[in-house]
Number of protein chains: 2
Amino acid sequence: MLAILRLGHRIGRDKRVTTHVALTARAFGADKIFLSSKDAGLVRSVRSVVARFGGDFEIEDGVDWKKLVRAWQGTVVHLTMYGLPIGEAVPNIPKGGVLVVVGAEKVPPEIYEMADFNVAVGNQPHSEVAAVAVFLDRLLGGEGVRRVVKGRLTIIPSERGKTVVDSGEYASSRR
Amino acid sequence: MLAILRLGHRIGRDKRVTTHVALTARAFGADKIFLSSKDAGLVRSVRSVVARFGGDFEIEDGVDWKKLVRAWQGTVVHLTMYGLPIGEAVPNIPKGGVLVVVGAEKVPPEIYEMADFNVAVGNQPHSEVAAVAVFLDRLLGGEGVRRVVKGRLTIIPSERGKTVVDSGEYASSRR
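Presented here is an overview of the structure given in this document. (Residues numbered from 1 in each chain as written. Chains lettered and ligands numbered in written order. Predicted model: local features only at pLDDT ≥ 70, side-chain atom pairs only at ≥ 80, totals over all residues.)

1. Considering the overall build of chain A
Stage number 1. Secondary structure assignment for chain A yields seven helices and eight strands.
Stage number 2. Here the C-alpha radius of gyration of chain A, 17 Å, is about what a compact globule of 175 residues would show, namely 16 Å.
Stage number 3. Along the first, second and third principal axes, the C-alpha set of chain A runs to 50 × 35 × 30 Å.
Stage number 4. Out of the 175 residues belonging to chain A, those deemed buried represent 45%. (Helix = DSSP H or I, 4+ residues; strand = E, 2+ residues; numbered from the N terminus. Rg over C-alpha atoms; globule rule 2.2 N^0.38 Å. Buried ≥ 20, exposed ≤ 12 C-beta atoms within 10 Å, placed from the backbone.)

2. Here's the deal with the pairing of strand β5 (residues 98-102) of chain A
Residue and element names in this part refer to chain A.
Stage number 1. The element β5 is extensively covered by neighbouring structure, given that five of its five residues are classed as buried.
Stage number 2. Of the two faces of β5, both are covered, the one formed by Val98, Val100 and Val102 as well as the one formed by Leu99 and Val101.
Stage number 3. One ladder, built from five bridges, connects strand β1 (residues 2-6) with β5; its direction is parallel. Across the sheet, residue Arg6 finds its bridge partner in β5, namely Val102.
Stage number 4. With four bridges connecting them, strand β4 (residues 75-85) and β5 associate as parallel partners. Across the sheet, the residue bridging to Val76 is Leu99, located in β5. (Pairing = 2+ DSSP bridges.)

3. Topic: helix α2 (residues 40-53) of chain B
Residue and element names in this part refer to chain B.
Stage number 1. When the terminal C-alpha atoms of α2 are compared, their 20 Å separation across 14 residues agrees well with the 20 Å that a helix rising 1.5 Å per residue should span.
Stage number 2. Here α2 has its buried residues at Leu42, Val46, Val49 and Phe53. Projection of α2 onto a plane perpendicular to its axis shows the buried side chains occupying an angular sector of 50°, all on one side. Residues Ala40, Gly41, Arg44 and Ser48 are exposed on α2 and point more than 90 degrees away from its buried face. (Expected span 1.5 Å × (residues − 1). Arc of directions from axis to C-beta.)

Quick look at the structure:
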């Protein structure tokens, strides 16, 4: 299990950024995202991408994050610009059973102690979306984006333009 | 020059995601971001990060994107989930003089023709922030986040907690 825990998501304000975190987690090879807050609209929109594009990525909201982190069978990695350089940290992190924790603007200070690793994807301010993407890309050695995910919609790589195959396996509500 | 062109930014709605794109561009080694729209607030907030954390990353808004792309001395790379796999494309892209184009929800169809390369960071929907991060990380072989950028604020990598050195070279408006 490779999962993401998103802390501090604020309904409304963070909807788009958290959606980007969730879709990035899915596209780069994670199995699941946990949200510490409740957001039914966000859950719906992520599930709708999974329904159209395939795979079995899961999303669960309203999670008691402390309980999740304490009970986690594996390694807890907190991504923070204050942590140790990703280049040095990644070789020490096992690939199985990883929970990747990312916050919104502020995180509860306990997470620095609870995590097995505090990892910086660069020691500069940028984005939790970027941090998740590059961390997963490096952890899995690029395997996340190389995988072929079978779904109703499949994009065929093209030099120019867009090629999408719609297998029509499931009825789309837009037809 | 390694630059990003952000197309289709909508003031208000896209402020946070475009800020993430800009800060990600800076943190992963780009020199500049161009915005095809005007957004003075966004420009100010990105410049304030540069003023505090250092480097000479630039932001320019209200750019005529077609003119910029046509006049670009170098390679134009459009990041899109419909493009060719990043693993195959990157070895063919020269490291100097790259303009990386990313859209918001929809991009003008001409960009597929105008770009030298249409590159997919995975053929799944995710995030322009993730796409910029992983593209730059792979193009520069991780050099972007390894660089030390000198600024008033410097983060010292830590196993636990936060260590920030404030050189106080410039007066902060918050004091």
